[in-house]
Each structure stands twice: as C-alpha cells, then as structure tokens.
Amino acid sequence: MTARRALISGITGQDGSYLAELLLARGYEVHGIVRRVALHDPENRLSRLLPIRDCLHLHPGSLESYASLHQVLAKVQPHECYHLAAQSFVSYSFDDEFSTLNTNINGTHYLLAAIKNLVPECRFYFSGSSEMFGKVEQVPQNEDTPFHHRSSYGISKVAGFHLTRNYREAYGLYACSGILFNHESPRRGHEFVSRKITSGVARILAGKADRLCLGNLDALRDWGHAREYVEAMWLMLQQPQPEDYVVATGETYSVRDFAQLSFALAGLDYRDFVVTDPELYRPAEVNVLTGDATKAIEKLGWTPKTGFSALVREMLEADCDSVGIDLSLSVPHSGQISHPWQLPLAGQLTGVDGVLQQPGF
Ligand code: GDD
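The residue count restarts for each chain, going from 1 along the sequence in the order it is written. Owing to the predicted nature of the model, reporting of local features is limited to residues with pLDDT of at least 70; listing and counting of side-chain atom pairs is limited to 80 or more, with chain, interface and lining totals taken over all residues.

This next bit is on the overall build of the protein chain. Here a strand is any run of E in DSSP of at least two residues, a helix any run of H or I of at least four, and the numbering for each starts at the N terminus. Looking only at helices and strands, one finds twelve helices and 13 strands in the protein chain. For the protein chain, the C-alpha radius of gyration of 20 Å lies close to 21 Å, the compact-globule estimate for 361 residues. In this scheme the burial state of a residue depends on its C-beta neighbours within 10 Å: 20 or more other such atoms mean buried, 12 or fewer mean exposed, and anything in between means partly exposed; the C-beta positions come from the backbone. Counting over 361 residues, the protein chain shows a buried share of 50%. Expressed as a percentage of contacts within the protein chain between residues at least 6 apart in sequence, the contacts between residues at least 24 apart total 79%. Note that the radius of gyration is over C-alpha atoms, with the globule rule given as 2.2 Å times the number of residues to the power 0.38. For every residue pair, C-beta atoms are placed from the backbone, and the pair is scored as a contact if these atoms sit within 7 Å.

With that out of the way, let us pick up the domain arrangement of the protein chain. Annotation comment: domain bounds sourced from an automatic or database domain assignment. Structurally, the protein chain comprises domain 1 (5-183 + 223-247) and domain 2 (189-222 + 251-288 + 302-349). Just the C-alpha atoms count here: the centres of domain 1 and domain 2 sit 27 Å apart. On the domain 2 side, the residues contacting the 19 residues of domain 1 number 18 residues. The biggest single contributor to the side of domain 1 that touches domain 2 is helix H9 (residues 226-236), with four residues. Each residue gets one of three labels, nonpolar for Ala, Val, Leu, Ile, Met, Phe, Trp, Tyr, Cys and Pro, charged for Asp, Glu, Lys and Arg, and polar for the others, Gly among them. Across the side of domain 1 that touches domain 2, the residue classes break down as eight nonpolar, seven polar and four charged.

The next point concerns the site of the ligand. As a matter of local geometry, the ligand sits amid 23 residues, with Ser-88, Ser-129, Val-193, Gly-215 and Ala-219 nearest to it. Along the lines of polarity and charge, the residues of the shell around the ligand split into nine nonpolar, eight polar and six charged. Residues lining the shell around the ligand come from more than one domain, with at least three contributed by each of domain 1 (5-183 + 223-247) and domain 2 (189-222 + 251-288 + 302-349). Near, for a residue, is defined by distance from a backbone-placed C-beta atom to a molecule or strand, with 6 Å as the limit that must not be exceeded.

The terminal C-alpha atoms of helix H8 (residues 193-205) lie 18 Å apart, and with 13 residues this matches the ideal 18 Å at 1.5 Å per residue to within 8%. Where burial is concerned, most of H8 is hidden: eleven out of the 13 residues are buried. Of the residues making up H8, those classed as buried are Val-193, Ser-194, Arg-195, Lys-196, Ile-197, Thr-198, Ser-199, Gly-200, Val-201, Ala-202 and Leu-205. Elements in contact with the buried residues of H8: strand S7 (183-184), strand S8 (212-214), helix H10 (255-265) and helix H12 (308-322). Directly beyond the C-terminal end of H8, a positive phi value near 75 degrees is found at Gly-207. To estimate how far a helix should reach, multiply one less than its number of residues by 1.5 Å.

On to helix H7 (residues 152-171). Here H7 contains 20 residues, and its C-alpha end-to-end distance of 27 Å stays within 8% of the 28 Å for a straight helix at 1.5 Å per residue. Within H7, the full set of buried residues consists of Ser-152, Tyr-153, Gly-154, Ile-155, Ser-156, Lys-157, Val-158, Gly-160, Phe-161, Thr-164, Tyr-167 and Arg-168. Next to the buried residues of H7 lie helix H5 (90-95), helix H6 (97-118), strand S5 (123-129) and strand S6 (175-180). Two residues or fewer after H7 comes Gly-172, characterised by a positive phi angle close to 75 degrees.

So, about the packing of helix H4 (residues 66-76) against H6. Geometry is summarised by axes, namely lines fitted to C-alpha atoms with helices restricted to the contacting stretch, and by angles between N-to-C directions that run from 0 to 180 degrees. Their axes nearest at 9 Å, the elements H4 and H6 cross at an angle of 40 degrees. As summarised for this structure, H4 and H6 are arranged oblique, according to the angle between their axes. Between H4 and H6 the crossing geometry is right-handed. Contacts between H4 and H6 involve Tyr-66, Leu-69, His-70, Leu-73 and Ala-74 from the former and Tyr-110, Leu-111, Ala-114, Ile-115 and Leu-118 from the latter. Looking at the contact of H4 with H6 residue by residue, the classes come out as nine nonpolar, one polar and no charged. Angular relationships are summarised with four words: roughly parallel below 35 degrees, roughly antiparallel beyond 145, roughly perpendicular across 65 to 115, and oblique for the angles in between. Crossings are sorted by hand: turned counterclockwise from the far helix by less than a right angle, the near helix makes the crossing left-handed, and turned clockwise it makes it right-handed.

This next bit is on the packing of helix H1 (residues 14-25) against H9. Any two packed helices are characterised by how steeply their axes cross, that is the angle between the axes, and by the distance between the axes. It is the contact of H1 with H9, at a shortest axis distance of 9 Å, that shows an interaxial angle of 65 degrees. Where H1 crosses over H9, the two elements pack in a sense that is right-handed. Residues Gln-14, Asp-15, Tyr-18, Leu-19 and Leu-22 of H1 form the contact with H9, whose own contacting residues are Ala-226, Arg-227, Val-230, Glu-231, Met-233 and Trp-234. Within the contact of H1 with H9, the residues separate by chemical class into seven nonpolar, one polar and three charged.

Turning to unusual backbone geometry, a few remarks are in order. In this structure, Pro-140 follows Val-139 across a cis peptide bond, with omega equal to -5 degrees. Along the chain, Pro-140 turns up in the loop between S5 and H7.

As used throughout, a nonpolar core is a set of buried Ala, Val, Leu, Ile, Met, Phe, Trp, Tyr and Cys residues joined through C-beta atoms within 7 Å of each other. Residues Ile-8, Ile-115, Phe-124, Ala-232 and Val-247 are the most contacted members of the largest nonpolar core, which totals 68 residues. The greatest single-element share of this core, amounting to six residues, is contributed by H9. If we ignore the near neighbours within four places in the chain, the residues touching Val-247 are Gly-178, Ile-179, Leu-180, Phe-181, Tyr-229, Ala-232, Ala-293 and Ala-296. Counting 25 residues, the second largest nonpolar core, distinct from the first, contains Leu-205, Phe-258, Ala-259 and Phe-263.

And the structure:
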C-alpha cells in the first residue's frame, strides 16, 4: 500500500515540526512548503527539522504567491493538507496590519482554491486561533462563542476560519479549523512571552542578563503543550465529517504566574528581575482566554496531558540546558494537569476569577 501524503505549510515552525514528527511516526510521506531561502540556510531556518530533515520532502513556495502554491499542490497531490503558516505574532500585526492581513488571508485563500481546483479530495486543516474570541463574550469559550477580534491578526484568523467553512459548505471540501488556544514548548519562538520568560531566566542564571522586560503581566491565557495540540489537528482530519474544534486545557494562568513560576523554579523571585515596559503593551489587549475543549475531548478522543507547571518546567530546563546550566529541580510535580498549583510559589497562581482553577475536565 502506498503511504498517505501530507503537505504542511509552516513546517519549519514549532507546530509544523511536531506535526511532521507525528505524521512520519504514523507512516505518512511528509511534504512541507518552505521559503526558498530556507533551503539554502538549513542550519538556521530549518533548525527544528534537522533531526528529521532527511525524511522530509521540502518544496519552495510562498503564501504570497498563488502560482507557487498551485505548483506544489499539483506536484505533491496530497491526501491531507495542514495549513499552519502565518504571520503569527500578534504584536507585529499592530505594526504592519497590511502584511499580516495580506499574507494570512490570501495564503489561506490560495491554498483552498488550489485544493479545490487540483485535489478536491484532499482534507484541509486550518489553524484558527483563540485570538478570534478576543474580547471574550463568554467564559469559557467554545465553538459557539461569538468572535470579537482585537487585532489584524485576529481578523486574519477569523477570515481564514470563514474561508475554510465556506469552501466546506460551497464546494464540499473536507475542510475544518482547529481553534487552538496558546500552545508552547521548548521549540516556541523567542518573540512569544512564554519562551521570552524561560530563555530570559536562563540568561539571568548564566549571568548574561540582569533583568527581563515584559509588557502586560495581567493577561490571562490558557496554555497547553504544542506536541499534544498537533495530535488534535491530525485527529480532526480523520473524522467521518469535517467540523471545527476548540483545542485548549481549560485552565487559565496569567503572564505574571508564568514569570513567577519560572523564576521560582530557578530559585529566584521574579520581582527582583522583571521590569514592565509600557512599550510592550498592546494597543488592544486580549485580557483573558479560557477554552472549553469538551467537543474535542468527546468527539476526537483528544485530551490535554501536560499541566501548566510541567510545561513551564520543561521549557525552562531546555533553555537552561542551552546555556550550559543543569537546573537540578527538586520541586515535586505531577506532570499531569490535575494539580499544577502544588508547586511552592512565592504567591498564588490565580485564575480568571481570582481563585485557584480546578481542572476543567
Ligand atoms: N510576546 C510578548 N512579549 N507578550 C507579552 C509580553 C512580552 O514581552 N509581556 C506581556 N505579554 C502578554 C501579551 O500582551 C499577551 O497578552 C500575552 O503575553 C501572550 O502573548 P504572546 O505570547 O505573544 O501570545 P498571544 O497570546 O498574543 O498569541 C499566541 O497565541 C495565539 C492563540 O491564542 C500566538 O501563538 C498566536 O499566533 C496564537 O494564535
């Protein structure tokens, strides 16, 4: 039997690299769309893929060019297409709305159109985002929660979500969106707050920095592990019918909690090192996100496994390793989602309503 072919846009990123590993492990022939320049600079631009590089088929292409995407689709003829590529940094979308909207909306549209024209049987996954809920109109957020985006990034994701639904309804494509809440890992880009914090702590421990500048410490996010979230993507494309799903842990912690825990795990008090910089605040903030993944749990059989404390710890350990520090962590942790607040913290981890969160499921 010939292997199923999967095509991933954004294969070089955090999610793309985990998804590529998952698909290879499941026997897929894995293809990826990458910028031409990446093929000439693999050490830097393909760094997350280096251990599996020889097992992948990489094709040059750009979200800004319908012709290039059409060419890749025509050549690969995938059975499944995972569209993860995007300008994904919310802050940047305030600096350049035009490129965020153009790249993200057109890129999704081009891929959908090319699939419809060339491989209509191909199953399509779109990476939606909890940023679509923005100024949330209900807590927790599920598939029925109205969207109230707060950035051009959020607008681009809402547009991609509606494009995906429209191609499903109008042209009969198996096309669905995952509405993924924040998901992190040691492979997270340094521009995102989680990695900025854990790498910042590692640099402070290594004597390479003496403070960490952050923006809004009170923003609340539902943080899960990226490796588990790509499994939900795959499950979405294995169902009898294409549907949209929220993927989240159901637990919410603040940026302050993240910083406090990271520093505490390193034996430090975040208040001695964290400086807030008003420049890092966003013109329109998403204050609180808490996902309700009941549908994914019940229909896909997916469950989040890594709790907040285990996630922070894994990221911190990896960043410490990379600066040559062996963080001998003695604090107990369950590794499960059930009791993440058991860690000895200077303060309390607080949830949306100011009380410790119970597991959502
Ligand atoms: N990046 C960053 N840097 N964020 C900061 C900082 C800082 O120095 N200080 C505070 N924050 C706050 C932001 O204001 C935001 O409220 C929160 O930390 C999280 O910011 P990010 O880590 O940049 O992620 P995000 O929530 O904006 O978006 C991420 O998650 C979305 C899913 O909800 C990205 O991965 C998006 O692409 C994704 O769609």
